[in-house]
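# Descriptive structure summary
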Amino acid sequence: MQKELKGVIPALVTPFDNNLRLSTGALKDLVKGLIEENVGGLYCCGSTGEAFLLSLEERKKTVAAVVEAAQGKVPVVVQVGNVNVDESVELAKFCASNGGVDQISALPPIYYGYKPAEIVNYFQMIMSATDLPMMVYNIPHLSGKSLSSFGEVFEDPRVTGIKHTTSDFYSLHSILEKKPDLKVYFGQDEQALSGLAMGAVGIIGSTYNNMADLFVKLSTLHASGENVKALALQKEINKLITLIIECGVYNSVKFLAGEKFGIDLGSARAPFLPLTSEQKGRLQEASARLYENS
Ligand code: MN9
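In this report, we go over the structure that sits alongside the text. (Residues numbered from 1 in each chain as written. Predicted model: local features only at pLDDT ≥ 70, side-chain atom pairs only at ≥ 80, totals over all residues. Heavy atoms only, no water.)

Moving on, we come to the overall build of the chain. When its secondary structure is counted, the chain shows eleven helices and eight strands. Taken against the 2.2 N^0.38 rule, which gives 19 Å for 294 residues, the C-alpha radius of gyration of the chain at 18 Å falls within 12% of a compact globule. Residue pairs in contact within the chain that sit at least 24 positions apart in sequence constitute 70% of those at least 6 positions apart. Taken as a whole, the chain presents about 12,800 Å² of accessible surface, with 52% of it coming from carbon and sulfur. One way to put it: in the chain the 27 positive side-chain charges average out to a point 1 Å from where the 32 negative ones average out. (Helix = DSSP H or I, 4+ residues; strand = E, 2+ residues; numbered from the N terminus. Rg over C-alpha atoms; globule rule 2.2 N^0.38 Å. Contact = heavy atoms within 4.5 Å. Areas by Shrake-Rupley, 256 points an atom, 1.4 Å probe, with all protein chains shown as cover. Lys, Arg positive; Asp, Glu negative; His and termini not counted. Charge placed at Lys NZ, Arg CZ, Asp CG, Glu CD.)

So this is what it looks like as C-alpha cells:
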C-alpha cells in the first residue's frame, strides 16, 4: 500500500442511476479504473462528488463503496464538511470506525457569516471526533470564507494538509512559514502545473476522473524538470477544460469518464441541468482531439 498521499488524486464523482439514485456499483468500477491509471489517492464526497446534494446515509454508502473498491491500494480521503456540523462529526466517526479511510477533509462552515473563533470551533468539533489527520479544504469562491478568516486552524497539530482550490498562493505563505510541513494539494485542474511549481505535493480535482492519465504524464514531466513540455500539455488539456466548464463541470466529467471506462455514471442531480446531445458530441470530439495530440 502506498502510504503517502501525493500525485494525481481524483475528486471522485458520485454516480447515479437513471432515477438519480446512488449507484455504488458504478462507483466501485470507476475507482478500479482510476487505480489502474496510477492515481495517488482518492478524494470522496467533495464538491465534485455533489456532497451537498447527498444525504448523510448516501455519503456513508459512498465512503464504504470507495474503501471497498480501493482495497487499500491507495489512500482514501473523505470530505466530511457540511452546513450541519453534527452530520460532519457523525460522518467523521463513521470514517474512523468503518476503517480504510486515511484522512478526513472539511471545507469551512458555509452560508452563515461565522467569526474566526466559530470556524475554528467547527474544525475542532470534527477533529475531536476521530484520530484521523485533517486536510483543510480552502475553496473561498464557493465557501465564502477566506483563508485569512480561519488561519488559526492550522496551529492545531491534527491539521496535516490543505486542499487549496484557489490560485492565490500568497495567502498560503504565512501559514507555510509557521507550518512548513503542511502538505499542499492544489485544486484547480486548469492551473495544475502552477500548483506543482508552487510546491504542491499533489493535485486534487474533478477532471482527474476523466483524464488522470494525462495529468500523471504532466506531473512526471514537471518532476523531471521538463517544464516546457509540461506547459504545452497543460495548454492542450485546457482546451478541453474550457469546454467542460462551459458545459458544466460535474455533468461533463461524469459523461467523459463514463465513456472512457465504459460505465454509466449518470447525470448530476438537480438543479444541475443534464447535458444536451450537442454538448455531449462536442465534449467527445474535444476529448478525442486532446488524446490524439498528447
Ligand atoms: O475541487 C474542483 N473544484 C470544484 C476541485 O469542483 C469547485 C476543480 O477540479 C474544478 O472543477 C476544475 C475546473 O474548474 O478545476
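After presenting the structure, the write-up continues.
A volume near 360 Å³ is recorded for the largest pocket. Around the largest pocket, the lining comprises 23 residues; the ones closest to its centre are T165, G187, S206, V249 and Y250. Elements with a contribution of two residues or more to the lining of the largest pocket: α5 (140-143), β8 (202-205), α9 (227-247) and α10 (249-261). Take the lining of the largest pocket: its biggest share by element is three residues, from α9. Of the residues assigned to the lining of the largest pocket, the class counts are ten nonpolar, ten polar and three charged. (1 Å grid on protein atoms, 1.4 Å probe; cavity = no way out; pocket = protein on both sides within 12 Å on 5 of 7 lines; lining within 4 Å. Points joined across faces, edges and corners; volume = space filled by probe spheres on them. Nonpolar A, V, L, I, M, F, W, Y, C, P; charged D, E, K, R; others polar.)

One broad rule of soluble globular proteins: the nonpolar side chains tend to lie buried together. Core analysis: the biggest nonpolar cluster contains 97 residues, and V63, F123 and I126 have the highest contact counts within it. In contact with F123, not counting residues within four places along its chain, are A106, L107, P108, M134, V136, F150 and V153. (Core = buried A, V, L, I, M, F, W, Y, C linked by side-chain atoms within 4.5 Å. Buried < 20%, exposed > 50% of the residue type's maximum accessible area, 1.4 Å probe, protein only.)

Another point: the packing of aromatic side chains. Per the stated rule, a full pass over the model turns up eight aromatic pairs. Taken together, a centroid distance of 5.6 Å and an interplanar angle of 85 degrees make the contact between Y250 and F272 edge-to-face. Residue Y250 is found in helix α10, and its partner F272 is found in the loop between α10 and α11 (277-293); the two are separated by 22 residues along the sequence. Ring pairing ties together the aromatic residues Y111, Y112 and Y114, which thus form one cluster. Above the ring of Y43, the side-chain terminus of K163 is found at 5.4 Å from the ring centroid. (Phe/Tyr/Trp six-rings, centres within 6.5 Å; stacked < 30°, edge-to-face > 60°. Lys NZ or Arg CZ within 6 Å of the ring centre and 35° of its normal.)

Now for the site of the ligand. If you check the shell around the ligand, you find 16 residues, and the closest are K163, D189, E190, S206 and Y250. Separating an oxygen atom of the ligand from a side-chain N or O atom of Y137 is a distance of 3.5 Å. Measuring from an oxygen atom of the ligand, one finds a side-chain N or O atom of E190 at 2.5 Å. Comparing atom positions with the cavity grids shows the ligand to sit within the largest pocket. (Near = heavy atom within 4 Å. Polar contact = N/O pair within 3.5 Å; in protein donor to acceptor, adjacent residues only side chain to side chain. Sits in = over half its atoms within 2 Å of the grid points.)

Close contact between α9 and α10 brings their axes to 6 Å; oriented N to C, the two are set at 120 degrees. Taken together, α9 and α10 sit at an angle that is classed as oblique. Contacts from L240, I244, I245 and C247 in α9 reach V249, S252, V253 and L256 in α10. Looking at the contact of α9 with α10, its residues break down into seven nonpolar, one polar and no charged. (Axes fitted to C-alpha atoms, helices over the stretch in contact; angles between N-to-C directions. Parallel < 35°, antiparallel > 145°, perpendicular 65-115°, else oblique.)

Burial of the side chains of strand β3 (residues 76-79) extends over both faces: V76 and V78 are buried on one face and V77 and Q79 on the other. A crossover connection joins strand β2 (residues 42-44) to the parallel β3 through helix α2 (residues 56-70); in handedness this β-α-β unit is right-handed. As paired strands, β3 and strand β4 (residues 103-106) are joined by three bridges and run parallel to one another. Looking at β4, one finds that V78 is bridged to I104. Chirality of the crossover, the property in question, places the unit of β3, helix α3 (residues 85-98) and β4 among those that are right-handed. (Right-handed = clockwise from strand over helix to strand, strands pointing away. Pairing = 2+ DSSP bridges.)

It is worth stressing that arrangement in space is one thing and function is another; only the former is reported here.
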